[in-house]
Amino acid sequence: MQATSRHTLKARRVKFDLSASPVHWLPEDVFSSHLVNGIHLLLPAGELWFCRVYNKALPYITDPQLREDVEGFIRQEGIHAQAHRHGEAWLRANGYDVDRYRRTADWLFEQFLGEAPFALPLLKKAIPAKQWLIFRVGVVAAIEHFTGLLGDWAMNSCGWDDGDPVVADLFRWHLAEEVEHRNVAFDLYEHLCATEAGFYLSRQAIMAIVFPLFIYFIAEGGRSLARQDQSPAAIPIGHAGIVRLLLQMEQIGRRTDHVPPFSLVVTRTLRWLSPRFHPRTEGDTEQALAYIARSPAARAAVA
Ligand SMILES: [Fe+2]
Ligand SMILES: [Fe+2]
């Protein structure tokens, strides 16, 4: 039984009033503001896809504790998606076109990773439905590695203390819940794989695909917002190549702690290569729950 399995995952019906929050919510840091805000564009489609995939996987779960964790995970991710839709609407209300990126995100999760592999009847026949489902559960596990490591970074960072408190709380509450449920996707994928060797090899292959795609989509979210921002600091961000953007992330992350340095993302992902890797050692559940206990939105949800 995993450490977080003893803890029941519950959905907190948080609400955020972003009406007074500036889009440049991290002072004097347009780069980090846009890079973090870009997450609002990607996650609603991604997290609703997690829920659809996991609902399909539920009948294959034979461990009652894991099933309970997965059901808690689905409830939490559904609310995360709603919160980021609200963030997306906030960006739109501030004059940003979010629809172009959203169309790509919707295509990625609804078509490319949807029920019919690549939407091609030939591939649908070649890949049995259960295998396609298990592959997608593996993709969720790989993405959750990033949300978990970003959550652990956020729980140990003070960088957002000087940012807009509502936006900071939205991201911190979400990331705290990512730490809270960080074991679930990994455990579910292991549970559905037929052999330990198959689990190990396939999770490496899946990470090799997911890592560059995740980095690209996060970077493009930030760039797509920066391209629409006429402030002098935003213009070079919007037109930067991915490598330059990641180098900036490294420098700005080290200087301000507003974003994790890119090297942290890389080194934490290298740990995934170990056959002994398990997300239970990649974060601190008590620390995440301590943040949730003081999060203004989570406290209001409980009240
Ligand atoms: Fe989430
Ligand atoms: Fe998650």
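Because the structure is predicted, anything quoted here is derived from the model rather than measured. (Residues numbered from 1 in each chain as written. Chains lettered and ligands numbered in written order. Predicted model: local features only at pLDDT ≥ 70, side-chain atom pairs only at ≥ 80, totals over all residues.)

This paragraph deals with the overall build of the protein chain. The helix and strand tally for the protein chain stands at 14 helices and 0 strands. For the protein chain, the α and β elements follow one another from N to C terminus as α-α-α-α-α-α-α-α-α-α-α-α-α-α. Taking 19 Å as the expected radius of gyration for a compact globule of 303 residues, we find that the protein chain reaches 19 Å, a close match to that expectation. For the C-alpha atoms alone, the extent of the protein chain along its principal axes is close to 55 × 45 × 35 Å. Of all intrachain contacts in the protein chain linking residues separated by at least 6 positions in sequence, the fraction that spans at least 24 positions is 80%. (Helix = DSSP H or I, 4+ residues; strand = E, 2+ residues; numbered from the N terminus. Rg over C-alpha atoms; globule rule 2.2 N^0.38 Å. Contact = placed C-beta atoms within 7 Å.)

Here we come to helix α6 (residues 129–155). Its 27 residues place the ends of α6 38 Å apart at the C-alpha level, agreeing with the 39 Å of an ideal helix rising 1.5 Å per residue. Of all 27 residues making up α6, 20 are buried, and the element is well covered by its neighbours. (Expected span 1.5 Å × (residues − 1). Buried ≥ 20, exposed ≤ 12 C-beta atoms within 10 Å, placed from the backbone.)

A word on helix α1 (residues 30–37). By the criterion of burial, α1 is predominantly enclosed, with 8 of the 8 residues buried. Packing partners of the buried residues in α1 comprise α2 (39–57), α3 (64–93), α7 (165–180), α9 (196–226), α10 (235–238) and α11 (242–256).

The next thing to look at is the nonpolar core. By size, the foremost hydrophobic cluster in this structure holds 76 residues, and its most contacted members are Val-137 and Val-140. Per-element tally for this core: the top contributor is α6, with 11 residues. (Core = buried A, V, L, I, M, F, W, Y, C linked by C-beta atoms within 7 Å.)

Attention now goes to the packing of α6 against helix α8 (residues 184–192). Contact geometry of α6 with α8 gives a least axis separation of 8 Å together with a crossing angle of 150 degrees. In this view, α6 runs roughly antiparallel relative to α8, as classed from their interaxial angle. In terms of crossing hand, the pair formed by α6 and α8 is left-handed. Across the interface between the two elements, Ile-134, Val-137, Gly-138, Val-140, Ala-141 and Glu-144 from α6 touch Ala-185, Phe-186, Leu-188, Tyr-189 and Leu-192 from α8. Broken down by class, the residue content of the contact of α6 with α8 amounts to 9 nonpolar, 1 polar and 1 charged. (Axes fitted to C-alpha atoms, helices over the stretch in contact; angles between N-to-C directions. Parallel < 35°, antiparallel > 145°, perpendicular 65-115°, else oblique. Left-handed = near helix turned anticlockwise from the far one by under 90°. Nonpolar A, V, L, I, M, F, W, Y, C, P; charged D, E, K, R; others polar.)

Moving on: unusual backbone geometry. The backbone of Glu-28 sits at a positive phi, close to 55 degrees, despite the residue not being glycine. With respect to the helices and strands, Glu-28 occurs in the segment before α1. In this structure Glu-28 comes out as exposed when scored by C-beta crowding, with 11 C-beta atoms within 10 Å. Of note, the phi angle at Asp-257 is positive, near 65 degrees, even though the residue is not glycine. Positionally, Asp-257 belongs in the loop between α11 and α12 (262–270). For Asp-257, a count of 18 C-beta atoms within 10 Å translates into the label partly exposed.

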